[in-house]
Amino acid sequence: QDLKKKYQCEWALVTGSSSGIGRVLTEKLCAQGLNVVMVALDDALLAASHKEIAAKFPDVQVRKCGCDLSKDGYMTPIRKSTDDINVALVFNNAGFITTGMFADVAIERHMANYECNATCALRITHHFLNKMLDSGTKGLIAFTSSPAGAMCSPFASIYGSTKAFLTEFAMSLAPEVKFNGIDVVVVHPSPVASNFYNSVHKISSIQMFQNTARGPENIVNYLLASAGRTVVCEQGYYCLAVRGLLLKVLDV
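A brief look at the structure comes next. (Residues numbered from 1 in each chain as written. Predicted model: local features only at pLDDT ≥ 70, side-chain atom pairs only at ≥ 80, totals over all residues. Heavy atoms only, no water.)

Considering the overall build of the chain
Part 1 of the argument: The helix and strand inventory of the chain stands at 9 helices and 7 strands.
Part 2 of the argument: The buried share among the 252 residues of the chain stands at 48%.
Part 3 of the argument: The contacts of the chain with a sequence gap of at least 6 include a subset with a gap of at least 24, amounting to 72%.
Part 4 of the argument: Accessible area of the chain: about 11,900 Å², with a carbon and sulfur share of 55%. (Helix = DSSP H or I, 4+ residues; strand = E, 2+ residues; numbered from the N terminus. Buried < 20%, exposed > 50% of the residue type's maximum accessible area, 1.4 Å probe, protein only. Contact = heavy atoms within 4.5 Å. Areas by Shrake-Rupley, 256 points an atom, 1.4 Å probe, with all protein chains shown as cover.)

Below, the structure is given as structure tokens:
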């Protein structure tokens, strides 16, 4: 779908936009003529990605907003980067996984994971949703969740539980804002080839998913096609396996 035309808007914001799903999503939006605010960790990867995307799409504006979404305080730079524009498309995509026995991992690490995967999406959504409602503009709020939120996730308890939160939050928010012309969509991807797997522990189940991962273009295309047409969209074999086999047939 042409989101610029669909929502009659000029600006989008993407979190976790330095690589993987976020980077591909940023490029797809720029290709549609949308200006994009790239929100990600303020590091060399963001700088390089921003430079490359800005050069590739010279006819649109690409802003860089470096901040740590795992630590409180990120809303200040996000506001500074967007106060002069109307952001109508918000993609809450940032997230990471912490693996290991829950009790063995420092609580600070768990809370950082929780903040990045769930709380920052709530704060960002609240801020931009109110701006949309105040201006009376149409818009889209999207979340990258996971089918892991539908089942237990031992050795990655924060990941599964935060993804369950995102899905429930999106489903609950959608009917509240539908008649204001604001759509909500949450996507459940099958394994995606990205930096998500680069720093995880060597757990056999995660390595299995990594071996079946496909490029992020698949999930991005599916997400854009689903906007305004469904609230929960499930992509690929893993969603089918979890909901169709594990939960309904095997009752895991």
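So, the layout of surface pockets
Part 1 of the argument: Each pocket or cavity is described by its volume, and for the second largest pocket that value is around 170 Å³.
Part 2 of the argument: Looking at the second largest pocket, it is lined by 13 residues, and the ones nearest its centre are Asn86, Ala88, Ser135, Thr137 and Lys138.
Part 3 of the argument: For the lining of the second largest pocket, the secondary-structure elements that each account for two or more residues are strand 4 (87–92) and helix 5 (107–135).
Part 4 of the argument: Tallying contributions element by element places helix 5 first for the lining of the second largest pocket, with 4 residues.
Part 5 of the argument: Counted by class, the lining of the second largest pocket contains 6 nonpolar, 4 polar and 3 charged residues. (1 Å grid on protein atoms, 1.4 Å probe; cavity = no way out; pocket = protein on both sides within 12 Å on 5 of 7 lines; lining within 4 Å. Points joined across faces, edges and corners; volume = space filled by probe spheres on them. Nonpolar A, V, L, I, M, F, W, Y, C, P; charged D, E, K, R; others polar.)

Brief notes about the environment of Arg109
Part 1 of the argument: Locating Arg109 in the fold gives a position in helix 5.
Part 2 of the argument: Remark: the alpha-carbon pair of Arg109 and Ser70, spanning 39 residues in sequence, is separated by 9.2 Å.
Part 3 of the argument: In this structure Arg109 touches Phe96, Ile97 and Thr98, once residues within four positions along its chain are discounted.
Part 4 of the argument: A polar contact is formed between the side chain of Arg109 and the side chain of Thr98, at a distance of 3.1 Å. (Polar contact = N/O pair within 3.5 Å; in protein donor to acceptor, adjacent residues only side chain to side chain.)

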